[in-house]
Amino acid sequence: MQERIRNASNKVHRAVNWNREVDGFTFAFWEKNLEQMWVDTEFVPSKDRNVWDRLEPEVQDAYKKVLAGLTLLDTKQGNVGMPAIAEHVDILQRKAVLSFMAMMENIHAKSYSTIFTTLLTDVEIDEVFDWVEENQFLQFKAEQISHYYENITDNKTLYLAMVASVYLESFLFYSGFFLPLWLSGQGKMVASGEIINKIIQDESIHGVYVGLLAQELYNELTVAEQEEVDYETNALLEELMENEFAYTEDIYSILGLDHEVKNFLYYNANKALMNLGKPAKYEEKKINPIVQNGLNTESGTHDFFSTKGKSYKKAKHRALTDQDFSFPRLAEPLI
Ligand code: MN3
Ligand code: MN3
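Residues numbered from 1 in each chain as written. Chains lettered and ligands numbered in written order. Predicted model: local features only at pLDDT ≥ 70, side-chain atom pairs only at ≥ 80, totals over all residues. Heavy atoms only, no water.

(A) Focus on the overall build of the protein chain. Within the protein chain, the secondary structure is distributed over twelve helices and zero strands. Order of helices (α) and strands (β) in the protein chain, N terminus to C terminus: α-α-α-α-α-α-α-α-α-α-α-α. Expressed as a percentage of the 335 residues in the protein chain, the buried residues total 55%. (Helix = DSSP H or I, 4+ residues; strand = E, 2+ residues; numbered from the N terminus. Buried < 20%, exposed > 50% of the residue type's maximum accessible area, 1.4 Å probe, protein only.)

This is the structure we're talking about:
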């Protein structure tokens, strides 16, 4: 009997101990995640029904496409990205935070369906999900990011998976967020915009958190490894930016908004780099004022814990305030 219940592998199974602080920021992120927690069914996008019916067909078409594209990215992040990173991170508290984030990604993914259900017919919904599978630019970005999530074998590849995750959270989502921000900033699709607002707040803390883990890991790499990952980090961003430009033209040219979306992409790509502790790469141009107004840039997430380089260490020396967690939010309608 004794023999049968003996632990054959001699592996020590550890229990998560929340009574010991592991790094000075993970517990704060756990609390912030719980404080922000929401579910899609708390919102009533059916309030947008009348506005939706009066939108031009081109705007409707773009709107459903960007939401479907966002659904793909959240699906990937919830089922592949966050679980893969959580699996390869050692500290148990960190795994818990990442698992919670994975759960929220699935709520995000579902929330777009909640919006679709109130605005579209079943046939239209099926069509837009088919479109996701056929759109080469969406498929390209999902493929590029997944490649890093599915090939984690050491610290170097784990770092690159974290880079991919931060690119997705802090950069790739924003070609999709632009249109809902632009509309709700004009008092249109405001109820759906509230859901997008909640998602943007979540993505902000996700990008900052994984960015902090990445920075820590980066410092553990050898100088040669750092050079390799820096090269790949830059090459991946350039490849993704080129693809985002093509995606943006595909969706937004017909609305005459493609140039403004591209400016928004530069801004967010720089923000992703800052989350990784890297200098800005792109010269930022003026963002559409309606969209700009929808984002609270003054206390943007990149200043959270003062993320330049050693970042989180600062947080150890003072108590957190609400100000630390001030994230982009939708502005009140302009009209
Ligand atoms: Mn998400
Ligand atoms: Mn996220």
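Having seen it, we continue.
(B) Expanded view of the coordination of the manganese ion (ligand 2). All of the protein donors around the manganese ion (ligand 2) are E105 (OE), E169 (OE), E169 (OE), E203 (OE) and H206 (ND1); their distances to the metal are 1.9 to 2.7 Å. A gap of 3.5 Å separates the manganese ion (ligand 2) and the manganese ion (ligand 1), which E105 links by coordinating each metal. With E105 in helix 4 (residues 92-119) and E169 in helix 7 (residues 155-172), this residue pair connects regions lying 64 residues apart in the sequence. (Donors = N, O, S within 2.8 Å, 3.2 Å for Na, K, Ca; no water.)

(C) Region of interest: the coordination of the manganese ion (ligand 1). Taken together, the protein ligands of the manganese ion (ligand 1) are D74 (OD), E105 (OE), H108 (ND1) and E203 (OE), with distances of 1.9 to 2.1 Å. Sequence positions of the residues that donate to the manganese ion (ligand 1) give the spacing D-x30-E-x2-H-x94-E.

(D) Highlighting the pattern of salt bridges. For the structure on display, the rule yields eleven salt bridges. In this structure, the salt-bridge partner of R94 is D23, at a minimum N-O distance of 3.0 Å. Taken together, the residues R94 in helix 4 and D23 in the segment before helix 1 (26-36) connect sequence positions 71 residues apart. The residues R94 and D23 share a single accessibility class, namely buried. Notably, a salt bridge pairs D230 with K278, separated by 2.9 Å at the nearest N-O pair. (Salt bridge = Lys/Arg side-chain N within 4 Å of Asp/Glu carboxyl O.)

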